[in-house]
Amino acid sequence: MGWLITLGVLGLLAVLPLGASVIYDEDGVLARLVVGPLKITLYPRPVKEKKPGKNKKKSKSEKQTDQKKEASGEEHQEAPKQKKSGGPITDFLPLVKVLLQFLDGFRRKLRVNVLELKLIMAGDDPCDLAVNYGRAWAAVGNLMPQLERIFVIKKRNIEVECDFTADRTLVLARLDLTITLGRLLGLLFVLLYRAAVRLIKIVMKRKGGAVNEPKSS
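Residues numbered from 1 in each chain as written. Predicted model: local features only at pLDDT ≥ 70, side-chain atom pairs only at ≥ 80, totals over all residues. Heavy atoms only, no water.

For the rest of this paragraph, the subject is the pairing of strand β3 (residues 38–43). Two faces belong to every sheet, and in a regular strand the side chains alternate between them. Little of β3 sits out of view: just 0 of its 6 residues are buried. The pairing of strand β2 (residues 28–35) with β3 spans 5 bridges and is antiparallel. Across the sheet, Leu-33 pairs through a bridge with Ile-40, a residue of β3. Counting the residues between successive antiparallel strands, the hairpin from β2 to β3 contains 2 residues, one of them, Gly-36, with a positive phi of roughly 60 degrees. (Buried < 20%, exposed > 50% of the residue type's maximum accessible area, 1.4 Å probe, protein only. Helix = DSSP H or I, 4+ residues; strand = E, 2+ residues; numbered from the N terminus. Pairing = 2+ DSSP bridges.)

Given below as structure tokens:
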């Protein structure tokens, strides 16, 4: 009976979804690690708030202020959520290049649950903005085949807009990807196997001495 429970646990672990969520907007990069239903923020690291001392007592004026807030209901009112704006495209493009190089090793093994890209073109000249608008869609058209070569994309939302009042081109992007633990371990096993084979060949070659290459005629 124990081995059946062990097999069941291993089966559940094998299908456990692992992944990452990366968001780029006006605040910069937000990276989270996803383990099943849990989301752990990797960057930026959350700032720990200092807890007030246990023996610290509020002054009379502070108590009166708190009572006024409770009476008016200010403590229960949530601040309205502001709509996020994009970040500079000059900071975004290098991140895309590094991410594609890293993920190329997981080709077609990763599943993209959400892919969002919103490009807001800036410019006050309608002619120049129209040209840049066409170039932007051309760049997106070149990028998508590379992404589809690496990922299995489930949901995508690609937009290009023009803003005559903006002073710089902005980008809003989001990438949510997952892979099961079993598939990840399989990939690691294959990579380790290939590395071991290559290492064994190097060791055998060194033991046998240098190999003389044939001279070209």
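This part is about the pattern of salt bridges. Throughout the structure, instances matching the rule amount to 3 salt bridges. In this structure, the salt-bridge partner of Asp-176 is Arg-174, at a minimum N-O distance of 2.6 Å. A residue is classified by how much of its surface remains accessible, and Arg-174, at 29% relative accessible area, is partly exposed. (Salt bridge = Lys/Arg side-chain N within 4 Å of Asp/Glu carboxyl O.)

Another aspect to go through is the side chain of Asp-176. By the element assignment, Asp-176 lies in strand β8 (residues 170–180). Since its relative accessible area comes to 12%, Asp-176 is described here as buried. Among all residues touching Asp-176, those that are not within four sequence positions of it are Ala-20, Ser-21, Val-22, Arg-111, Val-112, Asn-113 and Val-114. (Contact = heavy atoms within 4.5 Å.)

So, on to the environment of Cys-162. Within the fold, Cys-162 resides in strand β7 (residues 156–163). Relative accessible area serves as the criterion here: at 38%, Cys-162 is assigned to the partly exposed category. Along the backbone, Cys-162 and Tyr-133 are 29 residues apart, and their C-alpha atoms lie at a distance of 7.4 Å. When near neighbours in sequence (up to four residues on either side) are disregarded, Cys-162 contacts Met-121, Leu-129 and Tyr-133.

Considering only enclosed or pocket space, the largest pocket measures out at about 740 Å³ in volume. Lining the largest pocket are 34 residues, and of these Phe-92, Val-96, Leu-117, Leu-143 and Ala-173 lie nearest its centre. Sorting the residues of the lining of the largest pocket by element identifies β1 (17–25), α3 (89–103), β5 (110–122), α4 (126–150), β6 (151–153), β7 and β8 as the ones contributing at least two each. Here the residues of the lining of the largest pocket sort into 29 nonpolar, 1 polar and 4 charged. (1 Å grid on protein atoms, 1.4 Å probe; cavity = no way out; pocket = protein on both sides within 12 Å on 5 of 7 lines; lining within 4 Å. Points joined across faces, edges and corners; volume = space filled by probe spheres on them. Nonpolar A, V, L, I, M, F, W, Y, C, P; charged D, E, K, R; others polar.)

Take a nonpolar patch on the surface next. A contiguous nonpolar surface patch, about 370 Å² in accessible area, is contributed by Leu-33, Ile-40, Leu-42 and Tyr-43. With 3 residues, the single largest contributor to the nonpolar patch is β3. (Patch = residues over 30% accessible without salt bridge, like charges linked within 9 Å, V, L, I, M, F, W, Y side chains within 5 Å. Areas by Shrake-Rupley, 256 points an atom, 1.4 Å probe, with all protein chains shown as cover.)

Right, let's get into the nonpolar core. Counting residues in each nonpolar core, the largest one holds 25 residues, and the members touching the most others are Phe-92, Val-112, Leu-115, Leu-147, Phe-151, Ile-153 and Val-171. Mapped by element, the contributors of at least two residues to this core are α3, β5, α4, β6 and β8. Apart from the residues lying within four places of it in its own chain, the contact partners of Leu-115 are Met-144, Leu-147, Ile-153, Lys-155, Arg-156, Asn-157, Arg-174 and Leu-175. (Core = buried A, V, L, I, M, F, W, Y, C linked by side-chain atoms within 4.5 Å.)

Pairing of β5 with β6 involves 3 bridges; the strand directions are parallel. Each bridged residue has a counterpart across the sheet, and for Arg-111 the counterpart in β6 is Val-152. For the handedness criterion, the β-α-β arrangement of β5, α4 and β6 is classed as right-handed. With 9 bridges joining them, β5 and β8 adopt antiparallel strand pairing. Looking at β8, one finds that Val-114 is bridged to Asp-176. (Right-handed = clockwise from strand over helix to strand, strands pointing away.)

By themselves, these are just geometric observations and shouldn't be taken as functional.
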